[in-house]
Each structure stands twice: as structure tokens, then as C-alpha cells.
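Residue-level structure breakdown
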Amino acid sequence: MRTMLLILFFYVTTAHANEGKENFLTVKDALEFARRNNPEINQLRELIEEKKGEKWSSTGLSDLNFSVMREGIDLGTNAGFDEKRWTLSQSIDFPLVTYFQRQRINAERQALESKYDAELLELKKEIKSIYTELTYAREILHLRTQQLQLAEQLHNSTSVRFELGEASELDLMKTDIERAEAQNELEDARNAFHMARYGLFRSIGLDPDKQKYSIQFPDTLVYLPVVINQYEVLNSLENQPDYVANVKLQQAAAKQVKAAWSSFLPQIDFSYYWQNLGYNFDNYGYEVGFSIPLWFPFNQRGHIQTYKAVHRRTVWQKHSITLEMKKQIELAWHGFDHSKQIVERVHNLVRVKSRKLLELTFQGYEAGEIDLLSLLDVQRTYLNTEKRYWDALKDYYLRVIELEKFTNREFVLKTNE
């Protein structure tokens, strides 16, 4: 099925297009800033570097040991010795042990890299969601501004009719109350918008001295349809970074079990020495040995039991992650489908009729054909319809953004352009 990709569902108004670009904070800018300053992202990046360093140190080679030895020294005269020896000794793990340890470290590093990708996707979702909330708050601010304008228009019209004797003082008092309520709603909307702005600044880690009122954002929320196939999203479950990370951890645990079993294999010790038997260092010798796992009931057996339990735990973790992600995908898709139906119904039918009804009712009120209570009821219906539309549209895009994380595609607010 062809998926309708959206280039942008936020766009900048003409007034903002003429303002300085240095004060315009795009989604891409916010995401890049957050990626550089997010503590969790940077911690994972350093953990990956740690694993790379750990691989270099996992060679199975202990430090080379150098020793000097004299024996047969006469305590009485201290005139000589029977032997003097310089020795170099080296211990080496059995190669199979080193192989499994390096395989474990590789799998753990790959798990961290997948976790890093998952955190980036989550960060992108968070930034886009905050932008959606911010733009929603601005649309509600526009709506409350329109509500105040309607209340003032109604008050002015009622004042004229009151002076002409066509409206009562009670009607005029009602319009005063409506205007005061509209002013309160506008103040609440303005406060919610500022709270959303500071929520974005906090999320990306913007310094307080840079949190200026001059910073501009995309300020128009428009509806464009997106087609997302439910089964396509569900089939992508095993490609999710969180799932892949757990698979790699399971592989690492399996390698650790094999490394524990291979610890029964002997550690090899090798020594080479030069000997002075009284004249010069003109003799040499060597020594080769190996370890015997005599205390396996306490050492190897305990390690094997521990790492088997770790491996079983990762299996259950993968099962848990599968169930949780399946639930998240189902909820996100059904929420997307539900909000899309509401948006299309309200957008194509209800909003148009509600706006037309308001215009006709106001004209009828000015002509004296409709009473004030009927006009107020129609006005509330219009405002509630608009609020319902913006609520559904916000939820629609939040669900789309959440599904982006599972499809690894960008439908809205594209950050790769």
C-alpha cells in the first residue's frame, strides 16, 4: 500500500517568514541540540566506548613477569652462590576461553549500540511530541483570541440594540459576563502556551539565558492524511532497536555460559630463564605448566550456574519486551485510526456547518429574529467544535509520531532534510 508521506504539517506564517532566522527554532535544530546535550544519550555513547576498550583488554594474556633469583649462597662467608637465574614467565588463558569472552563483549557492544538507536528514536519522538503540544497550545490561543473577539462583537451589537430599546439590560449583563469569561479563557491559553515553550526548552537543555521570547516556532497545525498499515507496523517488531538490543544481550549471556564451561580447560604457564651456575650466563632452561580445575565445585560450577540463570533471565526479558511492544503498537495504531476518523468527520462536515450556523445566527440576532440565548448556545457549540477538532488533531499527530518510532520512517516534521 502506498504510504502518503508528509513533507511538513507545521509551516511558518508569512509574518514569521520575514523575521530573523537565527531566532527560529526548527524541529531539526531542537533534535540536534538535544542529541548533543541529552545525558542518557551521552552516557550510552561512552558505554559503547567502554566496551570497545574492554575488547582490546580481553586477550587472555596476563602481564609478563620478570624475576631474578640466586640460590646456594654461603651464609658464613657470603663468597659465592650455586646458581643465579633471570626468568621471564607468561600465563595464557586457553584460546577457547578468550574467543568466547571476546564474542560476549562484541554482543554486549552491539546491544548498547541498538539501545543507543532506541534512545535516539525515543528522543526524536519526545521532541516532535513537544512541538505538537506547543503548536496545539498556540492554536488554542488563537481560538481563545477568536472567542474574545466574538464576545466583544456580541457585546457591541447588544449595546447598540440596548440603546435602541431592542435589547434588555439583562441581555447586556450576559454579554458582559461572556466577555469576561472569554478574557479569562484567553489568559489561561496564553499561560498554557508559555508552559509548553518552557517544556521544550527544558527537554532540549537550552540554557536559561538563551530562553528568549524572540524565539519563534512553527505556529500552524494543519491536517494532512497519513496512511499507515497496521500489519506493516506489527511485522516490524523484531527490527525494533529495543528488541534487537535484548537479542544481543541474550547472545552475550549464551557466550558467557560457554566461557564458563571452557574455564575447565587449563591455563597455560610458560617460563624461560637464563642461568649462571658460577661462571657466566651460558645456560638456559624453560618450564611449561598448566592449571588443574581441582576446586571446580566452588569456582567453575558456581560460575556456570550463575551465567545460566543470567541467560534464562534474558530469554524472559525478550518475551516481556515482545509483549510490551506489541501492546504499544496496537494502542498507537488504534489511537491513530480513531483520532483520524474524528478529525476527518469534524474537518469535512461539522466545522463547516458550525461556522456557517454561527454566521447565520449572528445575522439573525442583529436583525432581531433570534434571541440572545440562542445565539450564545450556537456560539458555544462553535467554540466546542473547534476545541474538539484541535484536541483530535493533536492526538492524531501524537499517534503518528509514536508510530514513526516503530516504522523507522518519518511522516511528519521531517528531520533528515
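Anyway, here's the lowdown on the structure attached to this text. Since the structure is predicted, the reported quantities are computational estimates derived from the model, not experimental observations.

Each value, and the rule that gives it
Residues numbered from 1 in each chain as written. Predicted model: local features only at pLDDT ≥ 70, side-chain atom pairs only at ≥ 80, totals over all residues. Heavy atoms only, no water. Helix = DSSP H or I, 4+ residues; strand = E, 2+ residues; numbered from the N terminus. Contact = heavy atoms within 4.5 Å. Areas by Shrake-Rupley, 256 points an atom, 1.4 Å probe, with all protein chains shown as cover. Core = buried A, V, L, I, M, F, W, Y, C linked by side-chain atoms within 4.5 Å. Buried < 20%, exposed > 50% of the residue type's maximum accessible area, 1.4 Å probe, protein only. Phe/Tyr/Trp six-rings, centres within 6.5 Å; stacked < 30°, edge-to-face > 60°. Lys NZ or Arg CZ within 6 Å of the ring centre and 35° of its normal. Salt bridge = Lys/Arg side-chain N within 4 Å of Asp/Glu carboxyl O. Expected span 1.5 Å × (residues − 1). Polar contact = N/O pair within 3.5 Å; in protein donor to acceptor, adjacent residues only side chain to side chain. Patch = residues over 30% accessible without salt bridge, like charges linked within 9 Å, V, L, I, M, F, W, Y side chains within 5 Å.

In this section: the overall build of the protein chain. Scanning the protein chain from N- to C-terminus turns up nine helices and six strands. Here the analysis covers contacts within the protein chain between residues at least 6 apart in sequence; of these, 80% occur between residues at least 24 apart. If you sum the accessible surface of the protein chain, you get close to 24100 Å²; carbon and sulfur atoms cover 54% of it.

This paragraph deals with the nonpolar core. With 60 residues, the main nonpolar core has Ile-127, Ile-228, Phe-336, Leu-393 and Tyr-396 as its most contacted residues. Among the elements that line this core, the one with the most residues is helix α4 (residues 95-163), at 16 residues.

Considering the arrangement of structural elements, one finds Leu-141 in helix α4. Not counting residues up to four positions away in its chain, the partners in contact with Leu-141 are Leu-186, Ala-189, Arg-190 and Phe-193.

Before going further, it helps to examine the packing of aromatic side chains. Here the structure, examined in full by the defined rule, presents four aromatic pairs. With a centroid separation of 5.0 Å and 65 degrees between ring planes, the pair formed by Tyr-389 and Trp-390 is classed as edge-to-face. Judged by centre distance (4.9 Å) and plane angle (70 degrees), the rings of Tyr-396 and Tyr-397 are edge-to-face. You'll find Tyr-396 and Tyr-397 in the same group, each marked buried. Three or more aromatic residues joined by ring pairs make a cluster, and in this case those are Phe-336, Tyr-396 and Tyr-397. When the ring centre of Tyr-389 is taken as origin, the NZ or CZ atom of Arg-351, which lies over that ring, is 4.1 Å away. Taking the ring centre of Trp-390 as reference, the NZ or CZ of Arg-351 above it sits at 5.4 Å.

With that settled, the discussion passes to the pattern of salt bridges. Counted by the stated rule, this structure contains 21 salt bridges. Taking the shortest distance from any N to any O, the salt bridge between Asp-242 and Lys-115 comes out at 3.5 Å. With Asp-242 in helix α7 (residues 241-262) and Lys-115 in helix α4, the pair connects residues that are 127 residues apart, well separated along the chain. In this structure Lys-115 comes out as partly exposed when scored by relative accessible area, which is 33%. Overlapping salt bridges bring together Lys-51, Arg-104 and Glu-108 as one network.

As a further point, take the environment of Val-378. Checked against the element boundaries, Val-378 lands in helix α9 (residues 372-407). We classify Val-378 as buried; its relative accessible area is 12%. The spatial distance from the C-alpha of Val-378 to the C-alpha of Ser-354 is 8.0 Å, given a sequence separation of 24 residues. Ignoring anything within four residues of it in the chain, the contact list for Val-378 reads Leu-357, Leu-358 and Thr-361.

Further remarks concern α9. With 36 residues, α9 extends 52 Å from end C-alpha to end C-alpha; this agrees with the ideal 52 Å at 1.5 Å per step. The buried count for α9 comes to 26 of 36 residues, which makes it a mostly enclosed element. Sitting at the head of α9, Asp-371 places a side-chain oxygen 3.3 Å from the backbone nitrogen of Leu-373. Backbone geometry just downstream of α9 places Asn-408 in the positive-phi region, at approximately 60 degrees.

A few words on the environment of Ser-354. With respect to the helices and strands, the residue Ser-354 is situated in helix α8 (residues 300-366). When the C-alpha positions of Ser-354 and Glu-386 are compared, they lie 8.9 Å apart, and in sequence the two are 32 residues distant. Discounting residues that sit within four places of it in the chain, Ser-354 has contacts with Thr-381, Tyr-382 and Thr-385.

Taken together, the side chains of Phe-66, Val-68, Trp-86, Ile-92, Ile-268, Phe-270, Trp-274, Phe-281, Tyr-284, Tyr-286 and Val-288 present a nonpolar region at the surface, about 1100 Å² in accessible area. Contributions of two or more residues to the nonpolar patch are made by β2 (65-71), β3 (83-92), β5 (268-276) and β6 (283-290).

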